[in-house]
Amino acid sequence: MPLGPAIQPLPDAGKLRFASLGSGSKGNATLVSDGETTVLVDCGFGLRETERRLARLGLHPRQLDAVLVTHEHGDHLSGVGPLARRHAVPVYLTPGTWLSGRLGEVPQRHWITPQSRFAVKSLTIDPFTVPHDAREPVQFRFESRGCRLGVLTDLGHPTDHVVEAFHGCDALILECNHDRHMLEVGPYPPRLKRRVGGNWGHLANVQAAALLQRLGLDRLQRIVCSHLSEHNNRPELALEALAPLLDGDASRLTIAAQDSGLQWQAIV
């Protein structure tokens, strides 16, 4: 099956960089690479759509060294099994995520132990437990050549543990799932509203801003608003919540969109 143009070398070789295939309730997938190692964090898109979105970023699935899974919800997991089986990509996940029974067999399975550092080739990876309504969810901090990237979505509230884990990052992909007022007056039934806005649900814009204040912004080169709700948020509301923390300089802020994702971003 044609997958677009021929494989090209990744941009900014030797630098830690990242991109998004798409982020939101219809599917999530994040690329992290340092030029030597390339991993995909989650895959909530179908196989053909994943291949298409990878090609849009200049990648073929066989260039992936691993898929790392944060948790078992379909918008993060549904494409992992088909991708791994079709292209023999190793999968890293917690035992709890595996025991959800939603992945199916994969050619190579590796266990993640929360709070225990591991490596995929040249990438050092720290998985951290987060408060979310899944069996054993984790989020990740990546390090290569002295640069750190945090991928932090799908958490109901910012705990002290989360603040400690993601302090000192050079770039951060941060959940800005909903605007509290939009969620309150929006179309979701009451039970779903309580789940999304609860301590085991998703991060609101104001919570993301409060977390950033606790993390400190001096070192952060890039802040990516991610996992925006289609019904309960708008990009301008997420940006407005975070921009005041940057003294009027919003150049460090960007959005990982559901359809267009985010092009490669390099950490210098």
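Predicted model, so just to flag it, every value in this text is computed and none were measured. (Residues numbered from 1 in each chain as written. Predicted model: local features only at pLDDT ≥ 70, side-chain atom pairs only at ≥ 80, totals over all residues. Heavy atoms only, no water.)

### Notes on empty space enclosed by the protein
As a reminder, the rule being used: Lining residues are defined by having an atom within 4 Å of a point belonging to a cavity or pocket. Those points lie on a 1 Å grid over the protein atoms alone, cavities being sets where a 1.4 Å probe fits but cannot get out and pockets being open sets with protein on both sides within 12 Å along at least five of seven lines. Grid points are joined across faces, edges and corners, and a volume is the space filled by probe spheres set on the points. Helix and strand definitions follow DSSP, with helices as H or I runs of at least four residues and strands as E runs of at least two, each counted in order from the N terminus.
Evaluated as defined, the whole model comprises one cavity of 30 Å³ or more. Its boundaries defined by the atoms lining it, the largest cavity holds a volume of some 140 Å³. Taken together, 20 residues make up the lining of the largest cavity; nearest its centre are Ser23, Thr30, Val151, Thr153 and Ile173. Sorting the residues of the lining of the largest cavity by element identifies strand S1 (17–22), strand S2 (29–33) and strand S12 (222–226) as the ones contributing at least two each. Per-element tally for the lining of the largest cavity: the top contributor is S1, with three residues.

### Remarks on the packing of helix H8 (residues 205–215) against helix H9 (residues 235–242)
So the rule is basically this: Inter-axis angles, ranging from 0 to 180 degrees, are taken between N-to-C directions of lines fitted to C-alpha atoms, where helices are fitted over the stretch in contact. Angle categories: roughly parallel below 35 degrees, roughly antiparallel above 145, roughly perpendicular from 65 to 115, and oblique for all the rest. Handedness of each helix crossing follows the sense of rotation of the near helix against the far helix: counterclockwise by less than a right angle gives left-handed, clockwise gives right-handed. Whether two residues are in contact is decided by their heavy atoms: any pair within 4.5 Å suffices. Put simply, Ala, Val, Leu, Ile, Met, Phe, Trp, Tyr, Cys and Pro go in the nonpolar bin, Asp, Glu, Lys and Arg in the charged bin, and everything else, Gly too, in the polar bin.
Interhelical geometry of H8 versus H9 gives an angle of 30° and a closest axis separation of 8 Å. When the interaxial angle is binned, H8 and H9 end up roughly parallel. The hand of the H8/H9 crossing is right-handed. Between H8 and H9, the contacting residues are Asn205, Ala208, Ala209 and Leu212 on the first element and Leu237, Ala238, Ala241 and Leu242 on the second. Among the residues making up the contact of H8 with H9, the classes are represented as seven nonpolar, one polar and no charged.

### So, the packing of helix H1 (residues 47–56) against helix H3 (residues 80–87)
Packed helices, taken two at a time, are described by their axes: the angle between them and the distance between them. Between H1 and H3, the shortest axis-to-axis distance is 9 Å and the interhelical angle comes to 75°. Taken together, the axes of H1 and H3 lie roughly perpendicular to each other. Counting all contacts with H1, which are made through Leu47, Thr50 and Glu51, the residues of H3 involved are Pro82, Leu83, Arg86 and His87. Broken down by class, the residue content of the contact of H1 with H3 amounts to three nonpolar, two polar and two charged.

### Some points on the layout of surface pockets
A probe as big as a water molecule, rolled over the atoms, marks out the empty space that is left. The calculated volume of the largest pocket comes to roughly 220 Å³. If you trace the largest pocket, you find 15 residues lining it, with Ser23, Leu228, Ser229, Glu230 and Gln258 closest to the centre. Of the residues contributing to the lining of the largest pocket, the split by class is five nonpolar, six polar and four charged. Reported here for the second largest pocket is a volume of approximately 190 Å³. Taken together, 13 residues make up the lining of the second largest pocket; nearest its centre are Ser25, Tyr188, Arg195, Val196 and His202. Element by element, the count of residues in the lining of the second largest pocket is highest for helix H7 (residues 190–197), at three residues. Looking at side-chain class alone, the lining of the second largest pocket contains three nonpolar, seven polar and three charged residues.

### Some remarks on the UniProt feature "domain: Metallo-beta-lactamase" (unreviewed entry) in the protein
Rule in force here: UniProt positions are given in the numbering used here, feature names are shortened, and annotations may be inferred rather than shown by experiment.
Under the UniProt annotation, "domain: Metallo-beta-lactamase" (unreviewed entry) lies at residues 26–227. Secondary structure over residues 26–227 splits into 29% helix and 25% strand, and the C-alpha atoms at its two ends are 10 Å apart.

### Things to note about the nonpolar core
Which entries qualify depends on this criterion: Definition of nonpolar core: a set of buried residues of the types Ala, Val, Leu, Ile, Met, Phe, Trp, Tyr and Cys, connected through side-chain atoms within 4.5 Å. To sort residues, take the accessible area from a 1.4 Å probe on protein chains only and compare it with the maximum for the residue type: under 20% means buried, over 50% means exposed, and anything in between is partly exposed.
The biggest cluster of nonpolar side chains holds 28 residues, and the ones touching the most others in it are Leu152, Phe166, Leu172, Leu174, Ile223, Cys225 and Leu242. Only helix H5 (160–166), strand S11 (171–175), H8, S12, H9 and strand S13 (253–255) provide two or more residues apiece to this core. Phe166 has contacts with Phe128, Gln139, Phe140, Arg141, Gly150, Val151, Leu152, Leu172 and Leu215, leaving out every residue within four places of it along the chain.

### Some remarks on the packing of aromatic side chains
The test is simple: Any two of the Phe, Tyr and Trp rings considered here, Trp counted by its six-membered ring, make a pair once their centres fall within 6.5 Å; the pair's planes then place it as stacked at under 30 degrees, edge-to-face at over 60, or tilted in between. Lysine NZ or arginine CZ positioned within 6 Å of the ring centre and within 35 degrees of the ring normal marks a charge as sitting over the ring.
This structure, assessed with the given rule, holds four aromatic pairs. Measuring from ring centre to ring centre gives 6.1 Å for Phe140 and Phe142, while their planes differ by 50°; the resulting arrangement is tilted. Sitting over the face of the ring of Phe45, Arg53 holds its NZ or CZ atom 4.2 Å from the ring centroid.

### Quick notes on the sheet that holds strand S4 (residues 66–68)
Selection criterion: Strands are treated as partners if at least two bridges between them are detected by DSSP.
The sheet built from seven strands is open, its strands ordered S6-S5-S4-S3-S2-S1-S14 with mixed pairing. Two strands close off the open sheet at either side, each with one partner strand: strand S6 (109–111) and strand S14 (262–266). Along the sheet, successive strands turn relative to each other by an average axial angle of 20°, direction set aside. The sheet contact formed by S2 and strand S3 (residues 38–41) spans four bridges and is antiparallel. Note that in S3 the partner of Ser33 across the bridge is Thr38. Of the strands in this sheet, S1 and S2 are in contact with H1, which crosses S1 at around 140°.

### Observations regarding the pattern of salt bridges
Between side chains of opposite charge, a pair can form when the charged atoms approach closely. Threshold: By convention in these notes, a salt bridge is any Lys or Arg side-chain nitrogen within 4 Å of a carboxyl oxygen on Asp or Glu.
If you walk through the whole model with that rule in mind, you get 12 salt bridges. Put simply, Arg53 and Glu49 hold a salt bridge, and the shortest N to O gap is 2.7 Å. Taken together, the residues span about one helical turn, with Arg53 and Glu49 both in helix H1 at a distance of four residues. Close ionic contact of Asp65 with Lys121 constitutes a salt bridge, the shortest N to O distance being 3.2 Å. Taken together, the residues Asp65 in the loop between H1 and S4 and Lys121 in the loop between strand S7 (118–120) and strand S8 (123–129) connect sequence positions 56 residues apart. Look at the salt bridges and you will find they share partners, linking Glu49, Arg52 and Arg53 into a network.

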